[in-house]
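Commentary on secondary and tertiary structure
Each chain is listed here by its residues.
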Amino acid sequence: MIKQQIAMLYQKLNKIKKSLNEDDTDSINQVISSNAPETCWRYLMDLERKGDPHLDRNHLSRLMDFYTRVFSSMPLGKHGQNESYARMLVRFAELKAIQDVNEAEANFNVARSHSQDFAFVHIAHSQFEHSQGNTKRAIYILQRAIELDAKPKELLEAALQSLYSGKAQLVCAEDKENAPGQLLSLIAIVMSAMVLFCFRQTSASSTSSMFALSSSKKTTVDGDFLSLKVSKIKVNTTYNFNQVINSNSPESCETYLLNLEKRGNPHTDVGLFTKLKDCYSKVFSRLPLGKHSKNESYARILVRYAELKGIEDPDEAQDHFIVARSNCKGFAFVHIAHAQFEVSQGKVNKAASILHKAQGLNAKPAELLEVAMRNLKAGKKQLLPTEEEQRPPGTELFLLHSKEDSFLHLSSFPSLSFVTPVVKRDPIPASATAHRVGPAQQPCTPLQVSYSQTPQPRITAFSNDSITIKGKQFFILKMIGRGGSSKVYQVLDHKKQLFAVKFVNLEEADAQTVESYKNEIEHLNHLQQYSDQIIKLYDYEITNSYIYMLMECGNLDLNTWLRNRKTVNPLERKFYWKNMLEAVQTIHKHGIVHSDLKPANFVIVNASLKLIDFGIANRIQPDVTSIMKDSQVGTLNYMPPEAIKDTSSKSGKASSKISPKGDVWSLGCILYCMTYGKTPFQSITNQITKLHAIIDPSHEIEFPDISEKDLLDVLKRCLVRNPRERISIAELLEHPYLQLQPQPPPEPEHPSDSNLRKILTDLAALQSPNSIIRAANNLAKMCNSGRKLDVAECAKSSSSQL
Ligand SMILES: Nc1ncnc2c1ncn2[C@@H]1O[C@H](COP(=O)(O)OP(=O)(O)OP(=O)(O)O)[C@@H](O)[C@H]1O
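Each chain has its residues counted from 1, running along the sequence as written. Reporting of local features is limited, given that this is a predicted model, to residues whose pLDDT is at least 70; pairs of side-chain atoms are given and counted only at 80 or more, and all residues count toward the totals for whole chains, interfaces and linings. The basis for every side-chain value is the complete set of non-hydrogen atoms in the structure, without hydrogens or water.

If you tally the helices and strands in the protein chain, you get 33 helices and 15 strands. Classification of the 802 residues of the protein chain by burial places 54% in the buried group. Accessible surface computed for the protein chain: about 36900 Å², of which carbon and sulfur atoms make up 53%. By definition, any uninterrupted DSSP run of H or I lasting at least four residues is a helix, any uninterrupted run of E lasting at least two residues is a strand, and each is numbered from the N terminus. The cut-offs for exposure are 20% and 50% of the maximum accessible area for each residue type, with area from a 1.4 Å probe on protein chains only; residues under the lower value are buried, those over the upper are exposed, and the others partly exposed. Using a 1.4 Å probe, the Shrake-Rupley method yields the accessible areas, and only the shown protein chains count as cover for residues.

In C-alpha cells:
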C-alpha cells in the first residue's frame, strides 16, 4: 500500500519537475508580494524540488536566500501562528543543519518559541535533538510542548512514547490516520531528522565531520515529493552570532551561548571568558531585561552570566544574582542558583534566606525549592539532587530533573555548583596561575574553595560587562567608589558618553532603609532643577532588591582629591567653597539637613564641586573596614558639637536639635581641612577625647595665621560651638571671602638682606670669571626652581659644578 503511494507520488514529482524548470529568481518577488505564507511555502517547496540542497551548494544557498527574503518581508511576530509559516521556519532550520548544526538548533528554537501551537514544530526540534544524541533535551522539548498545549497533543504523546522506548524515529507513517492534517509534513521532518541522526552516528566524535542525505528515501509533503539525499557535505562550524541575536529569541541565544561555552573552560581560558562576556553583553543589549525577564531561557542566561561573573569577582556575581532574582522571580532555578552560589561561599544563612524568600514569592516549581531547602538544612553542599552522583567528581556534569525544567545541570565541583547548564570542566592547570595579575584575591572566593590550593586567574582585561537600566545598556569601564552597600561604576553608553551608575544592594535592608533610599532618590530627582551643584540624576530603576541610579560622572570625590595633594590653590579653594555652599543651601531651602557632610559627599565635575547625596538614606552599615576608611563613614572629624550633645538620638543620626547650622559646622571643617591640611580635631586620635574636645568650649581650636584674612574669618565663624551664634549659609555666601576681589599675590620668598649680603660677598670673593659665571648660573637655577637661596650651597657650587 505504502509502496504504491510512493510510486504514485514519484510520478507526480517528475511531472512537477518538468513544469518547474524555469528560472525562479523573478517569481520570488511576486510570491513574496502576495504576503501569503501558504503561497510562499508552496513556492519554496516547489523550488526545493528543482535540485538537491544537500548535494548542490548553489541550490542550497539560493533556497536559504529565498527563505531569508520571505522572513524579512513577513515578520515572525505577525505570522508565527500561521501553519505554513511555521513549516517554513522548520524547513529553514532543517536546511540550516546542512551548513551548521548549531545554527540549526538556534533556528529550531526560534520556530518553537514563535509557533508554539503546532505540535510538528516541537517534534521536528525534538527529533533534531534526538538525532544528535540529546535525548533528554528532546524529551524536555516534547514535555514543554504538551505543557504549552501544542496541537495535536496525541502526536506529541506518540513522539514522546517513541523517545521513551528508544526509537530513533519519533513519529511513524501509521500515525497518519491519527493526525491527517499535520502528518504529511511530519514525515518530511522525520526524514530530515533521520538524516541528521545518520550524521550524528557518523560524526559523534568530531565537530566538523561529514554527513550525508540520501535521495533513495522519498516521502510526501502536502501530496508532493520531498527528496532527501545523503551526500558528503562539510559541516560549517562557524557561528553567526549576529544572526542569533537578531532572532530576538532568548532560546536561540541561550543555545548559542551554551554551545560557545562548550568550546573550552572559561575558568582557565581568558580569551573564551572575555568572548563569553562580550556575547552575554550583546544579548542583554539586544534583548532588554524588562521585556524578556519572564522568559525561562532569558532567566537562565542571566543566571549563567552571574555564575560566570563569579570567576572574576564573587562580589559582583552576587549583584548579578540579585538582579536575576529580582527580575525573574517566578523561576525556582534562579533563586536556587543564587542560594547555591552563597553556599559555595560559606554563607548558608544567606542561602536559606534566599530560598525562603523564593517560597514566599511562589517561585515554581515549589517542589524544587523544597528539595533545595531540605538539602541545605541537611548540610549538603549541593542544593539539588543529581542523577549522576556515581560519576567521579570533577569532570562530569550533573543533570537535574524538575517538573518544569528538565535541563538544570549542576557541575560537580566539590564546593561550587552551577545550576544552569554547564559544560565539562577540567581542573585548572598550574599554568593558569601565570594569568594572575592585580591584587591578591580575597580568601574564600568560590573559586579558591572549589579548586582548593590552585589560585585563579584574575581577568583584568578591559571588561565587557554591562548594566542595563530601563532597557538601555551601559558598558562598565571601572568601579569608582563604594559605599556600605553600594558600588559606583564609571560607564559608557552607546554614544560613548560617560556616566556614573550607582548600584545599591537592598537585599539586607529593612523596609525603613529601603524607604529612606527611595526618599533620597525622590529628593535628588526633584532638586535637579534647582542647582547645578547637585549631581545630575538621569534615570533610576528601583526594585525591592536593588537600585540602579544613572548619574553624571564626577572625576573624583573631594576626599580623594584632598588626600592626594599637599596644598590647595587659594582660588580653587574659594571656588569649591562657593560650590559647596550653593549645594547645601539648595537642600536647606527644601527642608533637608544633611547632618553628615564630609568631603566624600562631594565630587568634582568639570572643575566644580557637586553634592552626591543628601544624607537621607539610612546607610546600610559596611562590613569591610577599608570601605570605612576610604569613604570616611562614621568619622567624627566633621561632626558638629550639638550632634554629640544630643544623646537622645537613638538612630545615631541627627535628630531634632540638628539644624542647618550643623551642616555649617561640617562645611567649616571641610574648609579648615582645605586650608590647614587637616580637620580641627584630626590630631586627637582617641575617639572619646575627640568627642569631648569637640563639645568642650575650653578646648580652643587652633587657627594658625594665614595671609587670607577673610578665609580665616570664615573658618572662625563656622567653627563656633553654639549653633545660634554660628554663621548661616546665606551669610557665608555674602561674606567678603567670596566677593570677587584681587587677592594679594602670595609673598615671594625673598632672601633676607643678610643672606644677600653673604652671597654677594661670596661672589665677589671668587677669583676666576668662570667661577663667578658658574655661581651666578646656580643662583639663577635656585631662584627659578623656587628653592630658597642657600648661601652654603651657592658657595659650594661656585667652586664645583652642580
Ligand atoms: N556621580 C558620581 N561620580 C563619581 N564618583 C561618584 C559618584 N557617585 C559616587 N561616587 C563615588 O563613589 C563613592 C561612594 O558613593 P556612595 O554614594 O555609594 O557612597 P555612600 O553614600 O557612602 O554609599 P551608601 O549610600 O551605600 O552607604 C563616593 O565617595 C564617590 O567616590
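Attention now moves to the packing of aromatic side chains. In this scheme Phe, Tyr and Trp rings, the latter by its six-membered ring, pair at centre separations within 6.5 Å, and the angle between planes marks the pair as stacked below 30 degrees, edge-to-face above 60, and tilted otherwise. Taken as a whole, this structure holds 23 aromatic pairs when the rule is applied. Ring plane angle 70° and centroid distance 5.2 Å describe the contact between Phe-284 and Tyr-305, whose orientation is recorded as edge-to-face. Taken as a pair, Phe-284 in helix H14 (residues 270–286) and Tyr-305 in helix H16 (residues 296–312) lie far apart in primary sequence, 21 residues in all. Comparing Phe-284 with Tyr-305, the two get one shared label, buried. Consider the rings of Phe-474 and Phe-499, whose centres lie 5.8 Å apart with planes at 80°: the pair is edge-to-face. Within this pair, whereas Phe-474 is found in strand E8 (residues 472–482), its partner Phe-499 is found in strand E10 (residues 498–505), the two being separated by 25 residues in sequence. The exposure class assigned to Phe-474 is buried, which follows from its relative accessible area of 3%. On the basis of relative accessible area, Phe-499 is assigned to the buried category, the value being 11%.

Looking down a regular strand, the side chains alternate between one sheet face and the other. The pairing criterion for strands is at least two bridges between them, as found by DSSP. As judged from the five bridges shared by strand E11 (residues 537–542) and strand E12 (residues 546–551), these two strands associate in the antiparallel manner. When the bridges of E12 are listed, Glu-541 appears paired with Tyr-548. Count of turn residues in the E11/E12 antiparallel hairpin: three residues.

Here we take up H14. It helps to recall that an α-helix has 3.6 residues per turn; residues three or four apart then point in one direction. The terminal C-alpha atoms of H14, which comprises 17 residues, lie 24 Å apart, in line with the 24 Å expected from a rise of 1.5 Å per residue. Listing the buried residues of H14 in full gives Leu-272, Phe-273, Leu-276, Lys-277, Cys-279, Tyr-280, Ser-281, Val-283 and Phe-284. Throughout, a residue-residue contact means that at least one pair of heavy atoms, one from each residue, lies within 4.5 Å. In the core, the buried residues of H14 are packed alongside helix H12 (241–246), helix H13 (250–261), H16, strand E7 (466–469) and E8. N or O atoms closer than or at 3.5 Å make up a polar contact, with two conditions inside protein: a donor-capable atom paired with an acceptor-capable one, and, for residues adjacent in sequence, both atoms drawn from side chains. Measuring from the side-chain oxygen of the N-cap residue of H14 to the backbone nitrogen of Gly-271 gives 3.0 Å; that N-cap residue is Asp-269. A helix is expected to reach a length of 1.5 Å times the quantity of its residues less one.

On to the UniProt feature "binding site: ATP" (unreviewed entry) in the protein chain, then. What UniProt calls "binding site: ATP" (unreviewed entry) maps, in this numbering, to Lys-502. Tracing the sequence through the fold places Lys-502 in strand E10. UniProt positions are given in the numbering used here, feature names are shortened, and annotations may be inferred rather than shown by experiment.

We define a salt bridge as a contact between a side-chain nitrogen of Lys or Arg and a carboxyl oxygen of Asp or Glu at a distance within 4 Å. Counted under the stated rule, the structure contains 34 salt bridges. With a closest N to O distance of 3.0 Å, Arg-325 and Glu-507 form a salt bridge. Of this pair, Arg-325 sits in helix H17 (residues 314–327) while Glu-507 sits in the loop between E10 and helix H22 (511–527); the two residues are 182 residues apart in sequence, bridging distant segments of the chain. You can call Arg-325 buried: its relative accessible area is 6%. Its salt-bridge partner being Glu-572, residue Arg-565 comes within 3.8 Å of it at the nearest N-O pair. Given the relative accessible area of 26%, Glu-572 is considered partly exposed. Ionic contacts of the salt-bridge type, sharing partners, join the residues Arg-144, Glu-147, Glu-254, Glu-296 and Arg-300 into one network.

Time to look at the packing of helix H27 (residues 660–676) against helix H29 (residues 709–718). Lines fitted to C-alpha atoms define the axes here, with helix axes fitted over just the stretch in contact, and angles between the N-to-C directions of these axes take values from 0 to 180 degrees. Where H27 meets H29, the closest approach of the two axes is 8 Å, and the angle between their N-to-C directions is 140°. The hand of the H27/H29 crossing is left-handed. Listed contacts from H29 to Val-664, Trp-665, Gly-668, Leu-671, Tyr-672, Thr-675 and Tyr-676 of H27 are Leu-711, Leu-712, Val-714, Leu-715 and Cys-718. Any residue that is not Ala, Val, Leu, Ile, Met, Phe, Trp, Tyr, Cys, Pro, Asp, Glu, Lys or Arg is counted as polar, Gly included; the first ten are nonpolar and the last four charged. Class assignment of the residues belonging to the contact of H27 with H29 gives a composition of ten nonpolar, two polar and no charged. Left-handed describes a crossing whose near helix is turned anticlockwise from the far helix through less than a right angle; right-handed describes the clockwise counterpart.

Take the sheet that holds E11 next. Overall, antiparallel pairing links the six strands, which are arranged E7-E8-E9-E10-E12-E11 in an open sheet. Every other strand in the sheet has two partners, leaving E7 and E11 as the edge strands with one partner each. Within this sheet the neighbouring strands show an average axis-to-axis angle of 35°, counted without direction. Contacting E7 and E8, H14 crosses the sheet at an angle of about 120° to E8. H22 contacts E10, E11 and E12 of the sheet and is inclined by roughly 155° relative to E11.

One open sheet holds the three strands; their spatial order is E13-E14-E15, and the pairing between them is antiparallel. Strand pairing shows two members of the sheet lacking a second neighbour, strand E13 (556–557) and strand E15 (608–611), which therefore form its edges. Here strand E14 (residues 602–605) runs beside E15; their pairing, made up of four bridges, is antiparallel. Looking at E15, one finds that Ile-604 is bridged to Leu-609. Of the strands in this sheet, E14 and E15 touch helix H24 (residues 570–589), which is tilted by about 25° from E15.

Attention now goes to the state of the cysteines. Note: disulfide means a covalent bond formed between the sulfur atoms of two cysteine side chains. Cysteine sulfur atoms that pair up within 2.5 Å are treated as a disulfide. Scanning all chains against the criterion turns up zero disulfides. Not engaged in a disulfide, the cysteine Cys-279 finds its nearest cysteine sulfur in Cys-253; these two sulfurs lie 9.7 Å apart.

Quick look at the nonpolar core now. Side chains that are nonpolar tend, in soluble globular proteins, to be buried together. For the purposes of this section, nonpolar cores are sets of buried Ala, Val, Leu, Ile, Met, Phe, Trp, Tyr and Cys residues that join through side-chain atoms within 4.5 Å. Counting 68 residues, the largest nonpolar core has Leu-558, Trp-577, Met-580, Phe-602, Phe-614 and Leu-667 as the members making the most contacts within it. The biggest single contributor to this core is H27, with nine residues. Composition of this core by domain shows at least three residues from each of domain 3 (463–553) and domain 4 (557–621 + 632–646 + 657–740). For Phe-602, the contacting residues outside a window of four places in its chain are Asp-557, Leu-558, Met-580, Ala-583, Val-584, Leu-597, Leu-609, Lys-610, Leu-611, Ile-612, Leu-667 and Ile-670. Formed by 49 residues, the second largest nonpolar core is a distinct cluster that contains Val-283, Ile-467, Ile-469 and Tyr-546. Note that the domain bounds reflect an automated or database-derived domain assignment.

Attention shifts here to the pairing of E12. Extensive coverage of E12 is indicated by the burial of six of its six residues. Burial of E12 is two-sided: the residues Tyr-546, Tyr-548 and Leu-550 facing one way and the residues Ile-547, Met-549 and Met-551 facing the other way are all buried. Pairing of E10 with E12, which is carried by six bridges, proceeds in the antiparallel orientation. Residue pairing for E12: Asn-505 is matched across the bridge by Tyr-546.

Time to look at H17. The end-to-end C-alpha distance of H17 is 20 Å, a good match for the 20 Å that 14 residues give at a rise of 1.5 Å each. Counted residue by residue, H17 has 13 buried out of 14 residues, so it is predominantly covered. Of the residues that open H17, the one with a side-chain oxygen 2.9 Å from the backbone nitrogen of Asp-315 is Asp-313.

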